[in-house]
Amino acid sequence: MADRGSPITIMAIHGGKIEPGTSSLAKRIAGDTFNYYSFSGHKRRHNWDLHITSTAFDEPAALALASRSAVVVTIHGCMGRDAIAYTGGDNVELRQLLEAELNRAGIKSQPHPVVHGRGNHNICNQSQQGGLQLELTPRLRLCPFAWRKRRVFIDRVRRVLGRQW
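Residues numbered from 1 in each chain as written. Predicted model: local features only at pLDDT ≥ 70, side-chain atom pairs only at ≥ 80, totals over all residues. Heavy atoms only, no water.

Asks: Please clarify how the nonpolar core should be interpreted in this entry.
Replies: When a protein is soluble and globular, its nonpolar side chains tend to lie buried together. Core analysis: the largest hydrophobic core is formed by 28 residues, its most contacted members being Ile-10, Val-73, Ile-75, Leu-134, Leu-136, Phe-153 and Leu-161. Counting residues per element, the ones that place at least two in this core are β1 (8–16), α1 (22–30), β3 (71–77), α3 (92–104), β6 (132–136) and α5 (147–164). With five residues, α5 is the largest single contributor of residues to this core. For Leu-136, the residues in contact, after removing those within four places along its chain, are Leu-25, Ile-75, His-76, Gly-77, Cys-78, Ile-84, Ala-85, Arg-141 and Phe-153. Of all hydrophobic cores here, the second largest spans 10 residues; its members include Met-11, Leu-65, Ala-66 and Ile-123. (Core = buried A, V, L, I, M, F, W, Y, C linked by side-chain atoms within 4.5 Å. Buried < 20%, exposed > 50% of the residue type's maximum accessible area, 1.4 Å probe, protein only. Helix = DSSP H or I, 4+ residues; strand = E, 2+ residues; numbered from the N terminus. Contact = heavy atoms within 4.5 Å.)

Next up, the structure:
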């Protein structure tokens, strides 16, 4: 965890081997600018057993950091064949700005068809202005050949967040 006093917090609540790739992406998005939090699984196997839904995630340090933040962005892994950044969360304006920015940059982004990340029980929405939940497919977060796309993704997320605050 890194509380930098920023109004923006980037979280990977299913980090490490729970949803591989999410911790490193969250850390790179946070950089030295934004707050960073990761709950990571590092067991030899069965890390999925550590998965706690976003609406049930109640680790005290994460909740405290979220409540002090204007916006929380959570990075998650999801299934899918293409390289897609699905969006969700209660901050509709931020969600739409990021979708437009990513699509302009050649990274497909759209609302997730099932996992919407809405409601005040979701950790991303426990921030002061609602949050943003990003669900990334394996091709975007893990594929070794997609490193350029990941770099663009990180840059565009940072750019949109930097413009807002």
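Asks: So what exactly am I meant to see when it comes to the environment of Ser-127 here?
Replies: One can find Ser-127 in the loop between β5 (108–111) and β6. The class of Ser-127 is buried, set by a relative accessible area of 8%. For the pair formed by Ser-127 and Ser-69, sequence separation is 58 residues and the distance between their alpha carbons is 5.3 Å. If sequence neighbours within four positions are ignored, Ser-127 has contacts with Ala-66, Ser-69, Ala-70, Val-71 and Val-72.

Asks: What's the story with the pattern of salt bridges in this structure? I'm lost.
Replies: Inspection of every chain in the model, using the stated rule, returns nine salt bridges. For Asp-3, the salt bridge is made with Arg-68, and the minimal N-O distance between the two is 2.7 Å. Placement of the pair is Asp-3 in the segment before β1 and Arg-68 in helix α2 (residues 60–68), with a sequence separation of 65 residues. Exposure remark for Asp-3: the relative accessible area of 41% places this residue in the partly exposed category. On the basis of relative accessibility, which here comes to 46%, the residue Arg-68 falls in the partly exposed class. With its nearest N and O atoms 3.5 Å apart, the salt bridge here joins Arg-156 to Asp-155. Salt bridges sharing common partners tie together Glu-101, Arg-104, Asp-155, Arg-156, Arg-159 and Arg-163. (Salt bridge = Lys/Arg side-chain N within 4 Å of Asp/Glu carboxyl O.)

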